[in-house]
Amino acid sequence: FFAERARMGARYAAVNNWTSTMTANFVCYNSTTAPSGQAPVAGMLGLLPSQVTVAHLGTQGTPDYRIQVTIQGVPMFSWVPGMAGMYMAPPAVASMPVQSLGATN
């Protein structure tokens, strides 16, 4: 699930020129804005915007420019006998080339 959310966030950010905050909110809440009037709340499967990192790699305006979304630091509970307990999910990383190359919307 986390790998798919990272991939989706990178894809939507690459074609829409979203800011890092908008992308993190989309990954967590499926909306570019966070729920209003309260401290950050857990989104899908407990994701928080603080667990989502957005990096812009390469040189803007060139073919090597891309957006990388990383989800890390998400605690998970395992019910596997003999291994039950809290663990950190492995980081999920997705990178997409920027396709809008300066479009504004």
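Read on for a plain summary of the structure. Note that the structure is a prediction, hence the values are computed from the model and not measured.

### What about the nonpolar core?
In terms of nonpolar packing, the biggest core is built from 25 residues, with F2, L47, V52, V69 and I71 touching the most fellow members. Going through the elements one at a time, helix 1 (2–16), helix 2 (20–29), strand 1 (52–57), strand 2 (66–71) and strand 5 (92–97) are the ones with two or more residues in this core. Among the elements that take part in this core, helix 1 stands out by supplying 6 residues, more than any other. Once residues lying within four places of it in the same chain are set aside, the contact partners of V69 are A6, G9, A10, T23, V27, V52, T53, V54, A92, V93 and A94.

### Re the side chain of N25
Inspection of the secondary structure puts N25 in helix 2. If sequence neighbours within four positions are ignored, N25 has contacts with N30, S31, T32, T33, A34 and P49.

### Topic: the pattern of salt bridges
Evaluation of the coordinates by the stated rule reveals 1 salt bridge. The partner of E4 in a salt bridge is R7, with the nearest N and O atoms 3.0 Å apart. Of the two residues, E4 and R7 are both situated in helix 1; the distance of 3 residues between them amounts to about one turn of the helix. For E4, a relative accessible area of 37% gives the class partly exposed.

### A word on the sheet that holds strand 5
Read from one edge to the other, the open sheet built from 3 strands follows the order 1-2-5, with strand pairing classed as antiparallel. Looking along the sheet, the strands with just one partner apiece sit at the ends: strand 1 and strand 5. Taking the axes of each pair of neighbouring strands and ignoring which way they run, one obtains an average angle of 15 degrees across the sheet. Two strands pair when backbone bridges link them, and strand 1 and strand 2 are joined in this way by 6 bridges, in the antiparallel orientation. Residue pairing in the sheet places H56 in a bridge with I67 of strand 2. Docked against the sheet, helix 1 engages strand 2 and strand 5, running at close to 25 degrees with respect to strand 5.

What counts, and where the lines are drawn
Residues numbered from 1 in each chain as written. Predicted model: local features only at pLDDT ≥ 70, side-chain atom pairs only at ≥ 80, totals over all residues. Heavy atoms only, no water. Core = buried A, V, L, I, M, F, W, Y, C linked by side-chain atoms within 4.5 Å. Buried < 20%, exposed > 50% of the residue type's maximum accessible area, 1.4 Å probe, protein only. Helix = DSSP H or I, 4+ residues; strand = E, 2+ residues; numbered from the N terminus. Contact = heavy atoms within 4.5 Å. Salt bridge = Lys/Arg side-chain N within 4 Å of Asp/Glu carboxyl O. Pairing = 2+ DSSP bridges. Axes fitted to C-alpha atoms, helices over the stretch in contact; angles between N-to-C directions.

As far as function goes, none of this settles anything; it's purely spatial.
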